[in-house]
Amino acid sequence: MRYPFPVGKSDFIQGDEAIARAAILAGCRFYAGYPITPASEIFEAMALYMPLVDGVSIQMEDELASMAAIIGASWAGAKAMTATSGPGFSLMMENLGYAIMTETPVVVVDVQRGGPSTGQPTLAAQGDIMQAIWGTHGDHSLIVLSPSTVQEAFDFTIRAFNLAEKYRTPVVLLTDAEIAHMRERVYIPNPGEIEIIDRKLPANEEEAKYPFGDIHGDGVPPMPIFGKGYRTYVTGLTHDERGRPRTVDAEVHEKLIKRIIGKIENNRRDIISYHTYELDDAEIAIISTGIVSRSAVRAVKILRDRGVKAGLLKLNTIWPFDFDMIEELAERVKKIYVPEMNLGQLYHLVKEGANGKAEVELIAKIGGEVHTPMEIVERVVG
Amino acid sequence: MYLRSAYEIRDKYLRKDMLPTIFCPGCGIGSALQYTLRAIDDLKLNPDEIVWVSGIGCSSRVPGFVNFDGLHTTHGRALAFATGIKLANPNLKIIAFMGDGDAAAIGGNHFIHAIRRNLDVTVILINNFTYGMTGGQVAPTALKGLRGTTAPYGQFENPFDIADLAVSAGANYVARWSVFNYLQGINSIKKALQKEGFTLVEFLSPCPISFGRRNRMKTAPELLRWYQKITVPLAKAKKMPPEELEGKIVIGEFVDRDRPGLVREYEAYKKRAKKMMGWEE
Ligand SMILES: Cc1ncc(C[n+]2csc(CCOP(=O)(O)OP(=O)(O)O)c2C)c(N)n1
Ligand code: SF4
């Protein structure tokens, strides 16, 4: 297979470009989108590459349609992705819920910018954390990943596809304008170097009869994609294991929703990923995600130089959330700081995790600029 | 055309374990469904290669009752989902079953853009002038003066002529019938299913329960007589002065052309891309 970009070597590229290249290497062959800053470059790269690798890139009439199209493509057997920013992400929420309910593997990239509303189109923010986790209606779960470098934007995109396929669920890659537009050295591996996971297909007719059941006992039913003669009916209504609508049956609803949430919750160990830095003997913990983690690493260095035993927990997965790990950490440290580019979204999750075992303090910053390391240091040393 | 008995069609294509349907007595959706299945049967299309797509509404429940692959999606968005299915696997033939509210109100944008792209899909559109599933609110097709729960004193807005809209937006095939024109209906669906690009067969369909009751037409026969009164065949309409056409609905075949469909356009685009990049001659 020929690729429209160099593989097996490093390149100096933007975050958005890295996401597009990773998607193609992960096997994505369907992209639908609607332009929005700061996510447009993902679309533009996909528009360049997709026809060359026999994939599809199409500009839809809006984000509702983009989200719908990738779900349709996924049921037709393709790995599919869309990318947007806050306002477009809001428009996708109804169909994001549909993807959760119908257990459709898709990847949705949200390149965060300052909001609410059209807010600050060109500036970075982390204001969509709650939207990514809880934006759609009803009881549900999904997976949210958050990179902090261009290399991670690349790596996490591949991981997003793998997790989506493995757990038959939408995966949100939550990045931001800063990473989207910054250029960094990224290693673009050879296809042979990457682990690629594909969705489970039904092994036989019998398995295909239960596209929403739990025939393997792992909570993830094989996906009978369209056109294979399985005659699968897919609906966003509450449905039984065979996919038949059962809208007023409390038991059926509870069983379905609990399985959909359970297949994520029961695999937390596999899905949750984080990095620690100087955390083992830390008395002060900084917990952050995405772009802010880079300032936090530097802040920890400065604090250590000043004799403060500080350490960093950088969250790569922000949903499912590891409340237990935060509680264990809270038992070990004196205080937890949460620097983030919003007025306290990750902070709420961390506080709940800490469960009163340690004081948790928010270091909020909005307006478009990332915290400087000194801004974090000064808040810690007082 | 050989007309099989309705029982044969039912046994061959419906999911027995999903019956009975949710449709009220006198509802026209079942007829449109039967015509579609008859067209498929007559053309000997392979059901394994057909996907039914729908939005939300009474009419959109149809894919659940037929034994085909089916995607019952969100209100108004069926054609956007269909775009993904068709482009990801062009071998699949797509039938979109939708309501007038679904297609022309919440889904209006997807509808006109799917037509503009000439998405390869056959749309069977159930026009009952109302929102059946939610209990009889006015639809954007409701003629002036018709009553609905959200216009209890009679609709004051202008209606959309969906077929007209589809012709202007660029559809390859557009026909409109009432569900009582069964032969024309089946023939139109057959034509639509054989063409590439966007094809639309709109059916004026009785909804005695949500619509008729509020407009002094409680039964299907009353609605039938009303349809006879308000519909005008295309040939006749061409000779009528505009004043006389006021409040009437023209039925017939509005357009039948062969512009290239989206799949063919995209295939050519891919070739062009590879050529421009020097990947191919
Ligand atoms: C986003 C959204 N808004 C509103 C609804 C409620 N709703 C369900 S069906 C429907 C209208 C159905 O009317 P139509 O499309 O004409 O189909 P019919 O039932 O008449 O066949 C509405 C408004 C919904 N399901 N989703
Ligand atoms: S409400 Fe109207 S459209 Fe819906 S099933 Fe009943 S008659 Fe048919």
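Everything numeric here is computed off the predicted structure, so don't read it as measured data. (Residues numbered from 1 in each chain as written. Chains lettered and ligands numbered in written order. Predicted model: local features only at pLDDT ≥ 70, side-chain atom pairs only at ≥ 80, totals over all residues. Heavy atoms only, no water.)

Student: Residues and numbers for the overall build of chain A, please.
Tutor: Helix and strand counts for chain A stand at 14 helices and 15 strands. Taken over the C-alpha trace, chain A has a radius of gyration of 21 Å; the compact-globule value for 382 residues is 21 Å, and the two agree within 12%. The dimensions of chain A, computed from C-alpha atoms along their principal axes, are 70 × 50 × 40 Å. Split into buried and exposed, the 382 residues of chain A put 62% on the buried side. Relative to all contacts within chain A whose residues are 6 or more apart in sequence, the contacts with residues 24 or more apart total 76%. Surface summary for chain A: the accessible area is close to 13700 Å², and the carbon and sulfur share equals 49%. (Helix = DSSP H or I, 4+ residues; strand = E, 2+ residues; numbered from the N terminus. Rg over C-alpha atoms; globule rule 2.2 N^0.38 Å. Buried < 20%, exposed > 50% of the residue type's maximum accessible area, 1.4 Å probe, protein only. Contact = heavy atoms within 4.5 Å. Areas by Shrake-Rupley, 256 points an atom, 1.4 Å probe, with all protein chains shown as cover.)

Student: Lay out the site of ligand 2 in plain terms, naming residues and giving numbers.
Tutor: Taken together, Phe23, Cys24, Cys27, Ile29, Cys58, Asn128, Gly132, Cys207, Pro208 and Ser210 of chain B make up all the residues around ligand 2. Of the residues in the shell around ligand 2, the class split is 7 nonpolar, 3 polar and no charged. (Near = heavy atom within 4 Å. Nonpolar A, V, L, I, M, F, W, Y, C, P; charged D, E, K, R; others polar.)

Student: Pulling in residues and values, what's your account of the site of ligand 1?
Tutor: Residues in close proximity to ligand 1 total 17 residues, the closest being Cys58, Ser59, Asp100, Asp102 and Gly132 of chain B. Looking at the residues close to ligand 1, they fall on chains A and B. At 2.6 Å from an oxygen atom of ligand 1 is found a side-chain nitrogen or oxygen belonging to Ser59 of chain B. Between an oxygen atom of ligand 1 and a main-chain N or O atom of Asp102 of chain B, the distance comes to 2.7 Å. The protein chains hide 76% of the 590 Å² of surface that ligand 1 would expose on its own. At the level of secondary structure, the elements contributing two or more residues to the shell around ligand 1 comprise helix 5 (100-106) and strand 5 (130-131) of chain B. A total of 4 residues in the shell around ligand 1 trace back to one element, the largest contributor, which is helix 5 of chain B. (Polar contact = N/O pair within 3.5 Å; in protein donor to acceptor, adjacent residues only side chain to side chain.)

Student: I'd like a rundown of helix 6 (residues 108-117) of chain B, residues and numbers included.
Tutor: Residues and elements named next belong to chain B. For helix 6, the tally of buried residues reaches 7 of 10 residues, placing the bulk of the element in the interior. Those residues of helix 6 not exposed but buried are Gly108, His110, Phe111, His113, Ala114, Ile115 and Arg117. A positive backbone phi angle near 60° is found at Asn118, which sits one or two residues after helix 6.

Student: Run through the packing of helix 6 of chain B against helix 7 (residues 162-169) of chain B, naming residues and quoting values.
Tutor: Each pair of packed helices can be summarised by the angle the axes make with each other and by the distance between the axes. Residue and element names in this part refer to chain B. Put simply, helix 6 and helix 7 touch, their axes get as near as 8 Å, and they point 40° apart. Relative to helix 7, the element helix 6 lies oblique. For the pair helix 6 and helix 7, the sense of crossing is right-handed. Across the interface between the two elements, Phe111, Ile112, Ile115 and Arg116 from helix 6 touch Ile162, Leu165, Ala166 and Ala169 from helix 7. Here the contact of helix 6 with helix 7 is built from residues that sort into 7 nonpolar, no polar and 1 charged. (Axes fitted to C-alpha atoms, helices over the stretch in contact; angles between N-to-C directions. Parallel < 35°, antiparallel > 145°, perpendicular 65-115°, else oblique. Left-handed = near helix turned anticlockwise from the far one by under 90°.)

Student: Can you tell me about the sheet that holds strand 13 (residues 317-319) of chain A, naming the residues and giving the values?
Tutor: All names here are of chain A. Spatially, the 7 strands line up as an open sheet ordered 3-2-4-5-7-6-13, and their pairing is mixed. Every interior strand has two partners, whereas the edge strands, strand 3 (56-59) and strand 13, have only one. On average, each strand axis in the sheet is inclined to that of its neighbour by 20°, with strand direction left out of account. Here 2 bridges tie strand 6 (residues 143-145) to strand 13, and the two strands are oriented antiparallel to one another. (Pairing = 2+ DSSP bridges.)

Student: Account for a nonpolar patch on the surface, naming residues and giving values.
Tutor: On the surface, Leu3, Tyr182 and Leu183 of chain B cluster together into a nonpolar patch covering about 270 Å² of accessible area. Relative to the assigned elements, Tyr182 of chain B resides in helix 8 (residues 182-194). (Patch = residues over 30% accessible without salt bridge, like charges linked within 9 Å, V, L, I, M, F, W, Y side chains within 5 Å. Salt bridge = Lys/Arg side-chain N within 4 Å of Asp/Glu carboxyl O.)

Student: Please give an account of the pattern of salt bridges that cites residues and values.
Tutor: Across all of its chains, the model carries 47 salt bridges over all chains by this definition. Close ionic contact of Asp322 of chain A with Arg269 of chain A constitutes a salt bridge, the shortest N to O distance being 3.4 Å. Residue Asp322 of chain A is found in the loop between strand 13 and helix 12 (323-332), and its partner Arg269 of chain A is found in helix 10 (residues 268-271); the two are separated by 53 residues along the sequence. For Asp322 of chain A, a relative accessible area of 6% translates into the label buried. A single salt-bridge network, built from bridges that share partners, covers Lys191, Lys195, Glu253, Asp256 and Asp258 of chain B.

Student: Talk me through the interface of chain B and chain A; I want residue IDs and the actual numbers.
Tutor: Contacts between the two partners involve 40 residues from chain B and, on the opposite side, 45 residues from chain A. The junction of chain B with chain A conceals about 3600 Å² of combined surface from both sides, 59% of it contributed by carbon and sulfur atoms. Of all residues in chain B, Asp69, His72 and Trp279 of chain B bury the most surface against chain A, accounting for 18% of the area lost on that side. Taken together, the connections running from chain B to chain A amount to 7 salt bridges. The salt bridge involving Lys274 of chain B is made with Asp54 of chain A; its shortest N-O contact spans 2.8 Å. The tally of links from chain B across to chain A stands at 21 residue pairs in polar contact (both at pLDDT 80 or more). (Buried area = accessible area lost by both parts, 1.4 Å probe.)

Student: Summarise the pairing of strand 14 (residues 335-340) of chain A; cite the residues concerned and give the values.
Tutor: Residues and elements named next belong to chain A. Within strand 14, 6 of the 6 residues are buried, leaving the element largely enclosed by the surrounding structure. In this structure, strand 11 (residues 284-289) lies alongside strand 14, joined through 3 bridges in parallel fashion. Opposite Ala285, over in strand 14, you have Ile336 as the bridge partner. Note that strand 14 and strand 15 (residues 359-364) share 6 bridges and pair parallel. Looking at strand 15, one finds that Ile336 is bridged to Val360.

Student: Give a description of the side chain of Arg38 of chain B that names residues and reports values.
Tutor: Residues and elements named next belong to chain B. Relative to the helices and strands, Arg38 resides in helix 2 (residues 29-42). For Arg38, which is buried and forms no salt bridge, the nearest opposite charge comes from Asp41, at a distance of 6.7 Å. Leaving out residues up to four positions away in the same chain, Arg38 has contacts with Leu3, Arg4, Ser5, Ala6, Ile9 and Ile186. (Lys, Arg positive; Asp, Glu negative; His and termini not counted.)

Student: Give a detailed account of the nonpolar core, specifying residues and quantitative values.
Tutor: Considering soluble globular proteins, one finds that nonpolar side chains tend to be buried as a cluster. Core analysis: the biggest nonpolar cluster contains 155 residues, and Phe30, Met81 and Ile336 of chain A together with Phe111 and Phe198 of chain B have the highest contact counts within it. If you look at the next biggest cluster of nonpolar residues, it comprises 46 residues, including Leu14, Phe129, Ala175 and Ile186 of chain B. (Core = buried A, V, L, I, M, F, W, Y, C linked by side-chain atoms within 4.5 Å.)

Student: Got a sec to walk through the pairing of strand 8 (residues 198-204) of chain B? Specific residues and values, please.
Tutor: Residue and element names in this part refer to chain B. With 7 of 7 residues buried, strand 8 is to be regarded as a mostly interior element. Side chains Phe198, Leu200, Glu202 and Leu204 of strand 8 all project onto a buried face; the interleaved residues Thr199, Val201 and Phe203 project onto the opposite face, where all are buried too. Sheet topology note: the strand 7 (residues 173-178)/strand 8 ladder contains 6 bridges and is parallel. Residue pairing in the sheet places Tyr173 in a bridge with Thr199 of strand 8. At this point the chain moves from strand 7, through helix 8, to the parallel strand 8, and the crossover so formed is right-handed. (Right-handed = clockwise from strand over helix to strand, strands pointing away.)

Any functional reading would require information that these geometric values do not contain.
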